[in-house]
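Reading the structure
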Amino acid sequence: MENLLKVTIDGKSIEVPPGTTILQAARQLGGNYPPAMCYYSSLKDTGGKCRVCLVKVAQTSETNPRPMPKLVASCLTRVEQGMVVENQSSPEVLEARNGVVEFLLINHPLDCPVCDQAGECDLQNLSYEHGTEGTRYEEQRREFNKIDIGPYVQLHMTRCILCYRCVYAAEQLTDSRVHGVLNRGDVSEISTYIQNAIDKDFSGNIIDVCPVGALTDKTYRFKQRVWFSKPFNAHRSCAKCSGQTIAWMKGDAIIRITARKNAFGEVEDFICNECRFEHKQLSDWTIEGPRDMGEDSVISANKYELPVISPAVNVDAKFVSE
Amino acid sequence: MKILLEHIDKPGIQSIDGYIKNGGYRSVEKALKQLSPDQLVEEVKTSGLRGRGGAGFPTGMKWSFLDKKSDKPKYLVCNADESEPGTFKDRYLMEHIPHLLIEGMIVSSFALTAKTSYIYVRGEMMYIIRILEKAIAEAYAKGYLGKNILGSGYDLDLYVQAGGGAYICGEETALLESLEGKRGNPRNKPPFPAVWGLYGCPTVVNNVETIAAVPWIVNNGGAAYAGIGIGKSTGTKLISACGNINKPGVYEIELGLPVEEFIYSETYCGGIANGRELKAVVAGGSSVPILPKNLILKTANQDARLMSYESLSDGGFISGTMLGSGGFIVFDDQSCIVRNLWNFTRFYHHESCGQCSPCREGTGWMEKVLHRIEHGHGKLTDIDLLVDVAKKIEGKTICPLGEAAAWPVASAIRHFRDEFEAHVRNPESCNARHLHFETAMSH
Amino acid sequence: MPFTSERLKQFEEIKKRYPEGRHKSALLPILHLVQEDHGWLPVAAMDEVAEVLDIKPIEVYEVATFYTMFHVKPVGKYVLEICRTGPCCLVGAENIIQYLKEKLNIEEGETTKDGLFTLKPVECLASCGTGPVLQIGPDYKYHEHLTIEKIDSLIDELRSKG
Ligand SMILES: Cc1cc2nc3c(=O)[nH]c(=O)nc-3n(C[C@H](O)[C@H](O)[C@H](O)COP(=O)(O)O)c2cc1C
Ligand code: SF4
Ligand code: FES
Ligand code: FES
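Residues numbered from 1 in each chain as written. Chains lettered and ligands numbered in written order. Predicted model: local features only at pLDDT ≥ 70, side-chain atom pairs only at ≥ 80, totals over all residues. Heavy atoms only, no water.

Describing the overall build of chain C
As a reminder of what qualifies: Every helix listed is a DSSP run of H or I at least four residues long, and every strand listed is a run of E at least two residues long, numbered separately from the N terminus. The cut-offs for exposure are 20% and 50% of the maximum accessible area for each residue type, with area from a 1.4 Å probe on protein chains only; residues under the lower value are buried, those over the upper are exposed, and the others partly exposed. Here, residues are in contact when the closest pair of their heavy atoms is within 4.5 Å. Per-residue and other accessible areas follow the Shrake-Rupley method at a 1.4 Å probe size, with only the shown protein chains counted as cover for residues. Within this scheme the basic residues Lys and Arg register as positive and the acidic residues Asp and Glu register as negative, but His and the chain ends are omitted. For this purpose, a charge sits on NZ of Lys, CZ of Arg, CG of Asp or CD of Glu.
Within chain C one finds 7 helices and 4 strands. The principal-axis extents of the C-alpha atoms in chain C amount to approximately 50 × 35 × 25 Å. Counting the 162 residues in chain C, one finds 59% classified as buried. Taking as baseline every contact in chain C between residues at least 6 positions apart, the subset at least 24 positions apart corresponds to 58%. Accessible surface, chain C as shown: approximately 6700 Å² in total, 51% of it carbon and sulfur. Where the 19 positive side-chain charges of chain C centre and where its 26 negative ones centre are 2 Å apart.

Printed below as a string of structure tokens:
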């Protein structure tokens, strides 16, 4: 057993193995852990970009009791023995975070009412908690045209927050990355540069890792507000991936397939394009039962009126009560 | 006292023969034959030499952080990206006395046990790249580079790398990314280059002028260098002076020279051009806080302000600034602080790499607000908005470009708020000579 | 548009500057040479560079669009890259840019109808003590201390060269 390191975050302590980041430790502690818009634990090299996870290190370590001079990205900063961290308890952190959220929103379109991602958008959730009403931004917002990148994915660049997740996902999950970040500064964009299609196997996962509605599933049948559809754990036997997915149903029709996400909003098991895009028949899947989306989700929190589901499906009735 | 530019006017100094005739390459003989790498690092520590790229970090200490125990190759990379507005000293040095840099690269690489080193030059200076390539070829031919240099058993290869046009590549980790053939996105730190630098190997990045000071230190000893200058600002510094002065140019000064003397003496800037009055100075490249006349000539305590790291930063950001890169920009009483700030902010907006949200979004926001104020569409509340946006960028970004963009805004408003208010209240009242030229916001 | 054998040899020479497996480092130097040949960076040429370096085409596009010296769209024969940054403006750069716009009858970023000139304001060229300043590729010679008269004779000279 390695020596565990003790870290205290907002007054609560936990022991973690060396190499653990502040964010990972905070997630283990539960409660109000820092948000993360760019870091993705299963994708190497992600993190450090969005800056919403900034925290204050009030004591660097047992042997070095000094605070760190600046706020640090909790997704990348590793825990040291005796480190003391302030997240929610630091007004400085909250102010910085509100600032970052404001920056993320100034060029983001205010089109939640027509965005497919509404209801499952990390930015929307974040701005609930850290945003202020209205905007101080009076300048023109950045805009791009919506484009189809291949048969499966639509890119709505105007909504992108340049988290780079989709780039790392394409690099690490597919055999050849064809899209990336072009240009620089605030005119940077996600693009294939030439009219290239993103249809390498496993490329569909870029949709799931996108924290906003910039990358969406073109095969999403009769586009729906998510809270009008109902998520079910489903699986099929697949040679390429685990086949463990969520089937989003409207009535007894599957309108979309996604990967399953954990409590931190990260995909548990990346799925192949065939499972995601090609199997939309109920008969393709074994439905395990309704997916618990967690308490915070609008999908389960009754923030919106849920439609009555007619489960003409071979599911166990006890799962379908709501 | 001249250390770097002592021989700059000697005939033929650009070529290796002329350079050697004036004592060039002696430090290579001495270092490789008489000193060990660790002794060299100690000598540089003793000299008190501080990084001349802007941050002023003690060079000997930086060298001692290099992870020499690692079994990976070590690299020395020279930062010749020189893109900070107001700064043109490295270009001058490389153009006129290229072998000084090559000589410095050889002894410094030896001190760091590097066997391959690179000089990363901004791509716009293509002619400088040709000059350096020629100088390097000459040094190879004379046996100062390559295998078994001067029979010492030490091998070194030295290459010049061209950038592609991006201020951010002056930031050392962006520079390393660029040298690896990638976009110039700065890395999150830690790990620092001393541990994880070029190709993931231990690396030191130093500015041209820093490296160029090393031969003198090797020849004359660190203690002799430490005896020049004032306090912890040892040695000499190249200052590139520009703006509304009579004699723009590159001057080597002994650190500790009074600012007033630098501006008004015939030896240096020769006073304000066209008989006008001094209004303000940006003393260390566009990123450092601007100071009005009274505070640049004297500190808040009424002491004479000196050209040194300590004196220029006396008073912190309330009444002080920084020596920075030595880019000394002088504004006369006809220049418009608001227009200049919009211009500088456009620069940072244009040069932000776009990776992290505060810098990507914040720099553009500030530019747009300043553009409005400068063009007569400002509101009084915009001024505090700018201060607040600058504050929300500062300290939140991956690299210091965020601060570099925020400090000019915060300081210009701190010291010249009335001018911003006047631009809002009565845009026509600005009689600065630039105002009638509309420069479109463009990218 | 395959590269000439001389260029290919040059590319191989450049690759030798870097350790084994790190030849992506050659990307920027190679792109400069390719731009010298074409005046800009057509997609087909970038794709060939990707092949030479055994990297993905998108890696080349990502880099080419990051750095301002690389033109990813066709440009005029002479790209006038003129500094627009503060210190140069203190000594009249804005007047010179304005004059160039009027003289060439183009806006910033545009190319003259004859395809000869593109006006491209750039940021500080480290020539602030000798401004206003502009440079023109592929040798990027600096034209310093610009005045209206100097601009006139420079444009005349380039026009007569064609
Ligand atoms: C945005 C930015 C631009 C920079 N540009 C330069 C530059 O052009 N030249 C330089 O030497 N250092 C530059 N620096 C500083 C480098 O990151 C680094 O500190 C320096 O090269 C270290 O060398 P030194 O210790 O010898 O000064 C820049 C830093 C930042 C944040
Ligand atoms: S498209 Fe989505 S995943 Fe990709 S960088 Fe933009 S916000 Fe991130
Ligand atoms: S999650 Fe840490 S910076 Fe984005
Ligand atoms: S400001 Fe024009 S060259 Fe520096």
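Now that the structure is up, let's keep going.
Details of the interface of chain B and chain A
The condition is simple: Buried surface area refers to the total accessible area, computed with a probe of radius 1.4 Å, that the two partners give up upon joining, counted for both partners together. Only one rule defines a salt bridge in this text: a Lys or Arg side-chain nitrogen within 4 Å of an Asp or Glu carboxyl oxygen. Under this definition, polar contacts are N or O atom pairs within 3.5 Å; protein pairs additionally need one hydrogen-donor-capable and one acceptor-capable atom, and for neighbouring residues in sequence, both atoms have to be side-chain atoms. Think of it as three bins: nonpolar holds Ala, Val, Leu, Ile, Met, Phe, Trp, Tyr, Cys and Pro, charged holds Asp, Glu, Lys and Arg, and polar takes everything else, Gly as well.
In this complex, chain B contributes 36 residues to the contact, which on the side of chain A involves 34 residues. A buried area of about 2900 Å², summed over both sides, lies between chain B and chain A, and 47% of it is on carbon and sulfur atoms. Here chain B is connected to chain A by 7 salt bridges. The salt bridge partner of Glu138 of chain A is Lys379 of chain B, with a shortest N-O separation of 2.5 Å. Counting every contact that joins chain B to chain A gives 24 residue pairs in polar contact (both at pLDDT 80 or more). Per-element tally for the side of chain B that touches chain A: the top contributor is helix 16 (residues 357–374) of chain B, with 10 residues. Among the residues forming the side of chain B that touches chain A, the class breakdown is 10 nonpolar, 14 polar and 12 charged.

So, the site of ligand 2
This is how the line gets drawn: Proximity is defined per residue: any heavy atom of the residue falling within 4 Å of a molecule or strand makes that residue near it.
Neighbouring ligand 2 are the residues Cys160, Ile161, Leu162, Cys163, Tyr164, Cys166, Ile190, Cys210, Pro211, Val212, Ala214 and Leu215 of chain A. Looking at the shell around ligand 2 residue by residue, the classes come out as 12 nonpolar, no polar and no charged.

Considering the pattern of salt bridges
For the structure on display, the rule yields 62 salt bridges over all chains. Across the pair Arg372 of chain B and Asp382 of chain B runs a salt bridge whose closest N-O atoms are separated by 2.8 Å. One end of the pair, Arg372 of chain B, is in helix 16; the other, Asp382 of chain B, is in helix 17 (residues 380–393), with 10 residues separating them in the sequence. For the residue pair Arg372 of chain B and Asp382 of chain B, the accessibility class agrees, reading buried in each case. Salt bridges sharing partners connect three or more residues here, namely Glu171 and Arg177 of chain A together with Lys24, Lys56, Glu59 and Glu62 of chain C.

Describing unusual backbone geometry
Here the bond from Lys189 of chain B into Pro190 of chain B is cis, since omega is -5 degrees, no more than 30 degrees from zero. Mapped onto the elements of the fold, Pro190 of chain B is located in the loop between helix 8 (172–179) and strand 4 (203–207). The peptide bond linking Gly137 of chain C to Pro138 of chain C adopts the cis configuration, its omega dihedral lying at 0 degrees. Along the chain, the position of Pro138 of chain C falls in the loop between strand 3 (134–136) and strand 4 (141–143). One non-glycine residue with positive phi stands out, namely Tyr164 of chain A, at about 70 degrees. Considering the arrangement of structural elements, one finds Tyr164 of chain A in the loop between strand 7 (153–155) and helix 4 (165–173).

Quick notes on a nonpolar patch on the surface
Cut-off, in case you're wondering: Like-charged residues within 9 Å of one another, or nonpolar side chains (Val, Leu, Ile, Met, Phe, Trp, Tyr) within 5 Å, are grouped into patches, provided each residue has over 30% relative accessible area and no salt bridge.
Nonpolar side chains collect at one region of the surface, where Phe57, Met61 and Phe65 of chain B lie side by side and expose about 280 Å² of accessible area between them. Here Met61 of chain B shows up in helix 4 (residues 59–65).

A word on the environment of Lys147 of chain B
Residue and element names in this part refer to chain B. Note on placement: Lys147 falls in the loop between helix 7 (126–141) and strand 3 (157–162). Classification of Lys147 by relative accessible area gives exposed; the value is 66%. A C-alpha to C-alpha distance of 9.7 Å links Lys147 and Lys115, two positions 32 residues apart in sequence. Once residues within four sequence positions are removed from consideration, Lys147 is found in contact with Tyr154 and Asp155.

A short note on the interface of chain B and chain C
Chain B puts 62 residues into the contact, and the matching count from chain C is 45 residues. For the pairing of chain B and chain C, the buried interface totals around 4100 Å² over both sides, and the portion due to carbon and sulfur atoms is 55%. At the junction of chain B and chain C, the tally comes to 2 salt bridges. A salt bridge links Arg339 of chain B to Glu94 of chain C, with the shortest nitrogen-to-oxygen separation between them at 2.6 Å. For the pair chain B and chain C, the interface holds 23 residue pairs in polar contact (both at pLDDT 80 or more).

Some thoughts on the domain arrangement of chain C
This is how the line gets drawn: Where a domain begins and ends is set by an automatic assignment or by a domain database.
Examined at the domain level, chain C breaks down into domain 1 (5–66) and domain 2 (78–161). Computed from C-alpha atoms alone, the centre-to-centre distance between domain 1 of chain C and domain 2 of chain C is 28 Å.

Some remarks on the packing of aromatic side chains
Using the following cut-off: Each Phe, Tyr or Trp ring, with Trp reduced to its six-membered ring, pairs with another whose centre is within 6.5 Å; inter-plane angles below 30 degrees give stacked pairs, above 60 give edge-to-face pairs, and intermediate values give tilted ones. Either the NZ atom of lysine or the CZ atom of arginine qualifies as a charge over a ring when it sits within 6 Å of the ring centre and within 35 degrees of the ring normal.
Evaluation of the coordinates by the stated rule reveals 28 aromatic pairs over all chains. With 5.8 Å between their ring centres and 75 degrees between their planes, Tyr75 of chain B and Tyr199 of chain B make a pair best called edge-to-face. Taken together, the residues span a long stretch of sequence, with Tyr75 of chain B in strand 1 (residues 75–80) and Tyr199 of chain B in the loop between helix 8 and strand 4 at a distance of 124 residues. One exposure class covers both Tyr75 of chain B and Tyr199 of chain B, and it is buried. Joined through ring pairs, the aromatic side chains of Tyr75, Tyr118, Tyr159 and Tyr199 of chain B together with Tyr18 of chain C make up one cluster. A cation over an aromatic ring shows up here: Arg50 of chain B above the ring of Tyr309 of chain B, its NZ or CZ 4.0 Å from the ring centre. Lying over the aromatic face of Trp342 of chain B, Arg346 of chain B brings its terminal NZ or CZ to 5.0 Å of the ring centre.

Here's the deal with the sheet that holds strand 8 (residues 249–254) of chain B
Picture the strands of a sheet paired through backbone hydrogen bonds; they go either parallel or antiparallel. Residues and elements named next belong to chain B. Worth spelling out the cut-off: In this analysis, strands are considered paired if DSSP registers two or more bridges between them. Fitted lines through C-alpha atoms give the axes, limited to the stretch in contact for helices. The angle between two N-to-C directions lies from 0 to 180 degrees.
Ordered by their spatial adjacency, 5 strands build an open sheet running 8-7-13-10-11, and the pairing between neighbours is mixed. Across the chains shown, the open sheet's two edge strands, defined by having one partner strand only, are strand 8 and strand 11 (290–292). Recorded for the sheet is a direction-independent mean angle of 30 degrees between the axes of neighbouring strands. Examined bridge by bridge, strand 7 (residues 236–243) and strand 13 (residues 327–332) share 4 bridges and lie parallel to one another. Paired with Gly243 across the two strands is Val330, which belongs to strand 13.

Details of the site of ligand 1
Residues and elements named next belong to chain B. By nearness alone, 18 residues border ligand 1, and Gly53, Asn79, Asn206, Asn207 and Thr210 come closest of all. Between ligand 1 and the protein, one listed contact pairs an oxygen atom with a backbone N or O atom of Glu82 at 3.2 Å. Glu172 has a polar backbone atom sitting 3.0 Å from an oxygen atom of ligand 1. Sorting elements by how many residues they give to the shell around ligand 1 places strand 4 first, with 3 residues.

Considering the sheet that holds strand 3 (residues 54–59) of chain A
Residue and element names in this part refer to chain A. With mixed pairing, 5 strands are arranged side by side in an open sheet as 2-1-5-3-4. Two strands in the sheet have a free side with no partner beyond their single neighbour: strand 2 (12–16) and strand 4 (72–73). Sheet contacts for helix 1 (residues 22–29): strand 1 (5–9), strand 2, strand 3, strand 4 and strand 5 (83–86); angle to strand 2, the most-contacted strand, approximately 115 degrees. In this fold helix 2 (residues 91–106) packs onto strand 3 and strand 5, with an angle of close to 160 degrees to the strand it touches most, strand 3.

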